[in-house]
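Residues per chain are reported as follows:
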Amino acid sequence: MPFKEKHTVMANAVRALAMDAVEAAKSGHPGLPMGGADVATVLFSRHLKFDPTEPNWPDRDRFVLSAGHGSMLIYALLHLLGVDGVSLEELKNFRQMGSKTPGHPEYGHTPGIETTTGPLGQGLANAVGMAMAEEALRATWGKDLVDHYTYVFASDGDLMEGISQEAIAFAGHQKLSRLIVLFDDNGISIDGAISLSDSTDQLKRFEASGWAVRAIDGHDSEAISAAITAAKAEDKPSLIACKTTIGYGAPKKAGTAKAHGEPLGADEMAGAKAALGWPYPPFEVPADVRDAWRLAGLKVGHGERKAWEKRFAALDADKRAEFDRRLAGTMPRALADAIAAVRAKVAADPAEVATRKSSEIALEAINAVLPETLGGSADLSGSNNTRTGGMTAYAPGNRGGRYVHWGIREHGMAAAMNGIALHGGLLPYSGTFLAFSDYCRPALRLAALMGIRVVHVMTHDSIGLGEDGPTHQPVEHMAALRAIPNLLTFRPCDTIETAEAWECALRAETRPSVLALTRQGLPQLRRTTDPVNRVARGAYILADSDKPAVVCLFATGSEVHLAMNAKAELDKAGHPTRVVSVPCFELFFEQDADYRASVMGTARVRIGVEAAIRMGWDAIIGSDGDFVGMTGFGASAPAKQLYKHFGITSEAIVAKAIDGLKRTA
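Here the structure is a predicted model, which is why all the values come from computation and not from measurement.

1. Some remarks on the sheet that holds strand β2 (residues 150-154)
Move 1: One open sheet holds the five strands; their spatial order is β1-β2-β3-β7-β6, and the pairing between them is parallel. Edge strands, defined here as strands with exactly one partner in the open sheet, are β1 (62-65) and β6 (212-217). Strand-to-strand twist of the sheet, defined as the mean angle between neighbouring strand axes without regard to direction, takes the value 15°.
Move 2: Looking at chain direction, β1 and β2 are connected through four bridges and run parallel. By the bridge assignment, Val64 is partnered in β2 with Val152.
Move 3: The strands touched by helix α2 (residues 31-47) within the sheet are β1, β2, β3 (179-185) and β7 (238-243), with β2 carrying the most contacts at an inclination of about 170°.
Move 4: Helix α5 (residues 122-141) contacts β1, β2 and β3 of the sheet and is inclined by roughly 170° relative to β2.

2. Focus on the pattern of salt bridges
Move 1: One pass over the structure, following the stated rule, counts 34 salt bridges.
Move 2: Of the charged contacts, one joins Arg60 and Glu114 as a salt bridge, the two residues approaching to 2.8 Å between their closest N and O atoms. In this pair, Arg60 sits in the loop between α2 and β1 while Glu114 sits in the loop between α4 (88-92) and α5, placing the two residues 54 residues apart along the sequence. For the residue pair Arg60 and Glu114, the accessibility class agrees, reading buried in each case.
Move 3: For Glu590, the salt bridge is made with Arg511, and the minimal N-O distance between the two is 2.7 Å. Highlighted residues: Glu590 in the loop between α21 (585-589) and α22 (593-600) and Arg511 in the loop between α19 (495-507) and β14 (513-516), separated in sequence by 79 residues.
Move 4: Accessibility expressed as a relative area gives 46% for Glu590, which makes it partly exposed.
Move 5: Its relative accessible area of 14% is what places Arg511 among the buried residues.
Move 6: Among the charged side chains, a salt-bridge network with shared partners connects Glu134, Glu135, Arg138, Asp147, Arg178 and Arg399.

3. Section: the pairing of strand β12 (residues 455-459)
Move 1: The buried count for β12 comes to five of five residues, which makes it a mostly enclosed element.
Move 2: Taken together, the five bridges between strand β11 (residues 427-433) and β12 define a ladder with parallel strand orientation. Bridge assignment links Gly431 to a residue of β12, and that residue is Val457.
Move 3: Crossover connection from β11 via helix α17 (residues 437-450) to parallel β12: handedness right-handed.
Move 4: Here β12 runs beside β14; their pairing, made up of four bridges, is parallel. If you follow Met458 over to β14, its bridge partner there is Ala516.

4. With respect to the environment of Ala226
Move 1: If you trace the backbone, Ala226 turns up in helix α9 (residues 221-232).
Move 2: For Ala226, a relative accessible area of 48% gives the class partly exposed.
Move 3: In sequence terms Ala226 and Glu509 are 283 residues apart; their C-alpha atoms lie 41 Å from each other.

5. Section: helix α11 (residues 287-313)
Move 1: Compared with an ideal rise of 1.5 Å per residue, which puts 27 residues at 39 Å, α11 spans 37 Å between its outermost C-alpha atoms and is within 8% of the ideal.
Move 2: At Lys299, α11 shows its largest kink, close to 40°.
Move 3: Along α11, the residues that are buried comprise Val289, Arg290, Ala292, Trp293, Ala296, Gly297, Val300, Gly301, Arg305, Trp308 and Phe312.

Conventions used here
- Residues numbered from 1 in each chain as written.
- Predicted model: local features only at pLDDT ≥ 70, side-chain atom pairs only at ≥ 80, totals over all residues.
- Heavy atoms only, no water.
- Pairing = 2+ DSSP bridges.
- Helix = DSSP H or I, 4+ residues; strand = E, 2+ residues; numbered from the N terminus.
- Axes fitted to C-alpha atoms, helices over the stretch in contact; angles between N-to-C directions.
- Contact = heavy atoms within 4.5 Å.
- Salt bridge = Lys/Arg side-chain N within 4 Å of Asp/Glu carboxyl O.
- Buried < 20%, exposed > 50% of the residue type's maximum accessible area, 1.4 Å probe, protein only.
- Right-handed = clockwise from strand over helix to strand, strands pointing away.
- Expected span 1.5 Å × (residues − 1).
- Bend = angle between axes of the 7 residues up to and from the residue.

This is the structure:
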């Protein structure tokens, strides 16, 4: 079969399977796979270092379908390449319950999917993180072990989302030359022509951000291949704008919004197949075309993988073991020892410090034993305390640097961190203010959905930040973060709890974490070297009374010491009181019923104390429990004045308790 003809039938196989699957599901987006099939076929058959028989081998090229709505493009490719688990039956079950072919690609669900995409722009920013990880790991392990590219297939919508500017500006600044974006420049969105809503010259935009740019015919296989080859030789990231026709081949709907987000319909699909010269029944691929795809899949990546495995096997056993440990994301024994050392130091010399400083103390110990950590901050390094001694900046001339200056790009930072974690081999953490978690939220949600470990240090966690006022004072943010399934939210009360929260976050291999930390100093409440990580239970009895408690105070973070002060007054008044520290709601709710009952006790009065809104607390204190916290936004004033103004004081807690005891007498 002539080369050009072979490319055409291989690309048409992708188009046909996409049309068939969307039609069978009566749902989906056929236009992008049909328009992007030529670009994807050239990439996967000639350039992508990917072995279908081992889709997760470490030195593979990464492919991110940022335009996740066009998921049948990647599913068709994975099937044709012969990836185990992406069978023809799975394509027939596209978008159906339990299938490996969900509406948008999902990491961990379908073999060969590098990240969950669908919310536009996220995949592009994930890919920035993947390219960063490749550079960092190559600096550590050398080109014999790490030497690959990250490719992104992006749509107009990806480039319209605000996160795209954060991602491309950062990538250009960092000169991430192993990052290549294939822009499906089809000029169509759901509402119609892109010109309805946008007139950006994307090539000039990317070029201004430090990218190499090229524009090609996205249906010319030789132009596509030449552009990819040229991009791989650049010393900066590359954008290849591929001019395509959405719904390529469809007689009436090609080039229109009608091809975007709905099945073509039987007549239009028949016309498209006739125009493409594809006379086969639904889901049928001729043997010679299937063989061409299987051979293409093995031609580029299979030999590369075998050679890599030989190089890896020749390494010293200790180096192999450490490489495997970091790729697997397992924690060394030294972590427990590091946390124990922090406990011992703090117990011997307790001090009043902000928990952001407590986090820095913990990180000094952690970073010394975990060389895979990659820290950073969104331009708040001095406030977040995320940079520890000896850390140098990750930069084009220093890929071994372990600290990333993300700039004021919280959303891009959070999404790139997801990409770093997905790549494997590094453990990303970063910092911003808790109020700015709203900027990070879409990426945080996807991290939780994917079940990946990223750690977000979010400081200035309440009205306790003081004079910056209500714009920066989080009140609803803890509740909003706790609402995200599979996200761990920690609000520790002192240095020992903060160190234990860090240990929990690092050991949570399938969950992202947020550490909400204070600006203001807090007393050291726990002064024991007890090796048990109490934060791992989510909540625990910090202080009890000799007699059965009639009042139980549940508190988090900076309000725990207020509860302790209130307990002293209540005990003195003859009202036995228990104080429960609740650093992590999620972990507490996951404990067995007996443990939860033993902590919550049977006190007549339950009071929750947190400088935040009540939402979520009823699961602990009950709907008839009392709450000392915020009911609205904060104000600009020194922290102590704010706590008094909003009634978050030990005196207010005592008053609530006395009133509750009277009501329940």
